[in-house]
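# Remarks on the overall topology
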Amino acid sequence: MASTSENKDQQHPLWGRDRQLINSLLGAEANDYNLVELARLRIRYKGFPGARDIKADLDKALAQWQLSESELFAKTRDIHAIAQVYKGRGSQRDDWS
């Protein structure tokens, strides 16, 4: 008999929107905005039970830009310290979940 606690992948409610963004990141350069978006999405999907395709593509973008996750987060902390990256893009709203 199968256990009810089996690992089951979940569909993230923002998967569709995030999928489009990740597709564009994979073909883009590592500018400040794209780095910040990649870091935000890595935080969103870290530990999420599912979205394996998104997680794989987030790893692919890191590799494409020749960064480790810790390097990405260090760069984005610096970016946020000197610039308001989301200015004019609904910056009053946090979107980490």
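These lines cover the structure that appears in this document, whether it is placed above or below. Since we're looking at a predicted model, the values are computed, not measured.

Thresholds applied
- Residues numbered from 1 in each chain as written.
- Predicted model: local features only at pLDDT ≥ 70, side-chain atom pairs only at ≥ 80, totals over all residues.
- Heavy atoms only, no water.
- Helix = DSSP H or I, 4+ residues; strand = E, 2+ residues; numbered from the N terminus.
- Buried < 20%, exposed > 50% of the residue type's maximum accessible area, 1.4 Å probe, protein only.
- Areas by Shrake-Rupley, 256 points an atom, 1.4 Å probe, with all protein chains shown as cover.
- Axes fitted to C-alpha atoms, helices over the stretch in contact; angles between N-to-C directions.
- Left-handed = near helix turned anticlockwise from the far one by under 90°.
- Contact = heavy atoms within 4.5 Å.
- Nonpolar A, V, L, I, M, F, W, Y, C, P; charged D, E, K, R; others polar.
- Polar contact = N/O pair within 3.5 Å; in protein donor to acceptor, adjacent residues only side chain to side chain.
- Expected span 1.5 Å × (residues − 1).
- Arc of directions from axis to C-beta.
- Salt bridge = Lys/Arg side-chain N within 4 Å of Asp/Glu carboxyl O.

Turning our attention to the overall build of the chain. The helix and strand tally for the chain stands at 4 helices and 0 strands. The linear arrangement of helices and strands in the chain, starting from the amino end, is α-α-α-α. Split into buried and exposed, the 97 residues of the chain put 34% on the buried side. As displayed, the chain offers around 6500 Å² of accessible surface, 50% of which is attributable to carbon and sulfur atoms.

This part takes up the packing of helix H2 (residues 32-45) against helix H3 (residues 52-64). The contact between H2 and H3 brings their axes to 10 Å, and the two run at 145°. As H2 packs across H3, the resulting crossing turns out to be left-handed. Here H2 contributes Leu-38, Leu-41, Arg-42 and Tyr-45 to the contact with H3, which in turn contributes Ile-54, Lys-55, Leu-58, Asp-59, Ala-61 and Leu-62. Grouping the constituent residues of the contact of H2 with H3 by class yields 7 nonpolar, no polar and 3 charged.

Time to look at the environment of Gln-10. Secondary-structure assignment places Gln-10 in the segment before helix H1 (15-26). Relative accessible area serves as the criterion here: at 47%, Gln-10 is assigned to the partly exposed category. Sequence-wise, Gln-10 and Pro-49 are 39 residues apart; in three dimensions their C-alpha atoms are separated by 5.8 Å.

Tracing the sequence through the fold places Asp-18 in helix H1. Within the local environment of Asp-18, its side chain forms a polar contact with the side chain of Arg-44, the two groups lying 2.7 Å apart. Apart from the residues within four sequence positions on either side, Asp-18 is in contact with Leu-41, Arg-44, Tyr-45 and Ile-54.

A rise of 1.5 Å per residue sets the reference length of helix H4 (residues 69-82), with its 14 residues, at 20 Å; its end C-alpha atoms lie 20 Å apart and thus fit the reference within 8%. Listing the buried residues of H4 in full gives Leu-72, Thr-76 and Ile-79. On an axial view of H4, the arc spanned by its buried residues comes to 55°, and they lie on one face. Structural note: H4 exposes Ser-70, Arg-77, Asp-78, Ala-81 and Ile-82 on the side pointing more than 90 degrees away from its buried face. Where H4 is buried, its residues meet H2 and H3.

Throughout the structure, instances matching the rule amount to 9 salt bridges. Among the ionic pairs, Glu-37 bridges to Arg-40, the shortest N-O distance being 2.9 Å. With Glu-37 and Arg-40 both in helix H2 and 3 residues apart, the pair spans about one turn of that helix. When salt bridges that share partners are traced, they join Arg-19, Asp-53, Asp-57 and Lys-60 into one network.

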